[in-house]
Amino acid sequence: MNIQADLTPPLPEGRWALFLDIDGTLLEHAAHPDAVSVSEELRVLLQRIERRLDGALAFITGRSIAAVDHLFDPLKLRIAGLYGLEHRLLPDGKIEAADEPADMAALADEIELELASKAVYVERKGPVLAIHTRAAPQLLARATELVEAALARLPQGYRVIAGNAGVELMPLEAAKGAAIRRFMQLDPFTGRRPVFLGDDTSDENGFDTVNAAGGISIRVKPQGETAARFAIEDVASALAWLEANFGEPATQTASRNLVA
């Protein structure tokens, strides 16, 4: 749907499960994924939300779990990394990891050879290859051309996802919606209504899943058509909305409006 600028009531009382994208949702994007940092205030907020939701909070991200743990250290949460190809179902639990297939490694080597010296960052995330063009937007079309051409050389079962400032190649089973469904079948998520905040094309599958479950889908900084039913204008507003709706006891919650 195309989101319109109509104000809606704040999040109603209920038993909620919260799923959060990271880059562009909790943290502003940077030219290089390693250039972002997490404030102590954000760590504390996420700890408070996790306690209030009795643990029903999880990251749903394209980053690897190792990268997220490094970024948020010492905080560890439940998480689906690499769009659901990696999981940690408990904050202190075992990581179900994903390795880099040989064919993806060879392709990454080739793309790095052409683009890595031109302010484009080629990120190798196991079975996911991400090409970041935020520092060189004029090369987005070429990066997209390269990964689309690579589909014919790879085994069946891969797809290309174009983002706001880059393009990714990943297995078909890498889907944020599937990761959300998996969590929703487990304690402490089961029986709750899901809320998912994301900001990019790769989050649309998650919005569809949450909508089908009767939950709340929110896109940060929406651009054009989206499956999300609500919008928040920027990262700062998203953090304020989380604080207002999940960071305080219900009796003290300040109303924060979504855009429908």
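By convention here, each chain's residues receive numbers from 1 onward along its written sequence. In keeping with the model being predicted, local features are shown solely for residues with a pLDDT of at least 70 and side-chain atom pairs are shown and tallied solely at 80 or more, while totals for entire chains, interfaces and linings include all residues. The side-chain figures draw on all heavy atoms in the structure; neither hydrogens nor water molecules are used.

Put simply, the test is: UniProt positions are given in the numbering used here, feature names are shortened, and annotations may be inferred rather than shown by experiment.
The name given to the chain in an unreviewed UniProt entry is Trehalose 6-phosphate phosphatase, with Mesorhizobium plurifarium as the source organism. The record held by UniProt for the chain lists under Cofactor (unreviewed entry) the comment "Mg(2+)". Reading the Function (unreviewed entry) entry of the UniProt record for the chain gives the comment "Removes the phosphate from trehalose 6-phosphate to produce free trehalose."

A few points about the sheet that holds strand β3 (residues 78-81)
Put simply, the rule reads: Strand pairing is defined by DSSP finding a minimum of two bridges between the two strands. For helices the rule is a DSSP run of H or I covering at least 4 residues; for strands it is a run of E covering at least 2, with both sets numbered from the N terminus onward. Fitted lines through C-alpha atoms give the axes, limited to the stretch in contact for helices. The angle between two N-to-C directions lies from 0 to 180 degrees. Pairs of residues are marked as contacts when any of their non-hydrogen atoms sit within 4.5 Å.
Sheet architecture is open: seven strands sit in the order β4-β3-β2-β1-β9-β10-β11, paired in mixed fashion. Two strands in the sheet have a free side with no partner beyond their single neighbour: β4 (86-88) and β11 (230-232). Adjacent strand axes in the sheet meet at a mean angle of 20°, parallel and antiparallel pairs treated alike. Here three bridges tie strand β2 (residues 57-60) to β3, and the two strands are oriented parallel to one another. Within β3, the residue paired with I60 across the bridge is A80. Along the sheet face, helix α1 (residues 40-52) touches β1 (16-20), β2 and β3 and points at about 130° away from the line of β2. Its contacts with the sheet place helix α7 (residues 235-246) against β1, β9 (193-198), β10 (216-220) and β11, and it is angled at close to 160° to β9.

Section: the packing of aromatic side chains
We apply this condition: A pair of Phe, Tyr and Trp rings is counted when the ring centres sit within 6.5 Å of each other, with Trp represented by its six-membered ring. The angle between the planes then sorts it: under 30 degrees is stacked, over 60 is edge-to-face, the rest tilted. Between buried and exposed lies partly exposed: a residue is buried under 20% and exposed over 50% of the maximum accessible area for its type, with that area taken using a 1.4 Å probe on protein chains only.
Within the structure shown, the criterion is met by six aromatic pairs. For the ring pair F59 and F72, a centre distance of 4.8 Å and an interplane angle of 40° mean the geometry is tilted. Of this pair, F59 sits in strand β2 while F72 sits in helix α2 (residues 65-72), and the two are 13 residues apart along the sequence. Side by side, F59 and F72 carry an identical accessibility label, which is buried. Taken together, the aromatic side chains of F19, F183 and F189 make up a single cluster linked through ring pairs.

Notes on the pairing of strand β6 (residues 128-132)
Among the five residues in β6, four count as buried, and that is most of the element. Here strand β5 (residues 121-125) pairs with β6 via five bridges, running antiparallel. Among the inter-strand pairings, Y121 is bridged to a residue of β6, identified as H132. Between the end of β5 and the start of β6, which pair antiparallel, lie two residues, with G126 showing a positive phi angle near 65°.

Comments concerning the pairing of β3
Which entries qualify depends on this criterion: Call a crossover right-handed when, viewed with both strands pointing away from you, the route from the first strand across the helix to the second goes clockwise.
Side-chain alternation along β3 places R78 and A80 on one buried face and I79 and G81 on a second face that is also buried. After leaving β2, the chain enters α2 and then returns to the sheet as β3, a path that is right-handed. Bridge count for β3 against β4 is three bridges, and the pairing is antiparallel. Across the sheet, the residue bridging to G81 is E86, located in β4. The antiparallel pairing of β3 with β4 creates a hairpin that spans four residues between the two strands, and L82 there sits at a positive phi of about 50°.

Focus: the confidence of the model for the chain
Formally: Residue-level confidence of the predictor is what pLDDT reports, using numbers from 0 through 100.
The predicted model of the chain has a mean per-residue pLDDT of 88, with 92% of residues at 70 or higher. Low confidence marks residues 1-9, where pLDDT is under 50. Its contacts with residues over four positions away, or in another chain, come to 28 contacts. In this model residues 250-257 is a low-confidence stretch, pLDDT under 50, and it forms 19 contacts with partners more than four residues away in sequence or in other chains.

Brief notes about the sheet that holds β6
Across the sheet, four strands lie side by side as β5-β6-β8-β7; this open sheet has antiparallel pairing. Whereas interior strands pair on both sides, the edge strands pair on one side only; in this sheet they are β5 and β7 (158-162). Going across the sheet, the axis of each strand differs from the next one's by a mean of 15°, ignoring polarity. Note that β7 and strand β8 (residues 166-171) share five bridges and pair antiparallel. If you follow I161 over to β8, its bridge partner there is E168. Contacts between helix α4 (residues 140-150) and the sheet are confined to β6, β7 and β8, with β8 contributing the most and set at about 15° to the helix.

Notes on the domain arrangement of the chain
You'll often see interface size given as the accessible area lost when the parts meet. Put simply, the rule reads: The start and end points of each domain follow an automatic or database-based domain assignment. Each of two parts loses accessible area, computed with a 1.4 Å probe, when they are put together; buried area is these two losses added. Here a polar contact means two N or O atoms within 3.5 Å. Within protein one must be a hydrogen donor candidate and the other an acceptor candidate, and residues neighboring in sequence count only if both atoms are side-chain atoms.
According to the domain assignment, the chain contains domain 1 (14-96 + 172-244) and domain 2 (101-169). Summarising the inter-unit geometry, the C-alpha centres of domain 1 and domain 2 are found 24 Å apart. If you look at the interface, domain 1 gives 20 residues, while domain 2 gives 16 residues. With both chains or domains summed, domain 1 and domain 2 bury close to 1400 Å², and 56% of this area falls on carbon and sulfur atoms. Scanning the region where domain 1 abuts domain 2 turns up five residue pairs in polar contact (both at pLDDT 80 or more).

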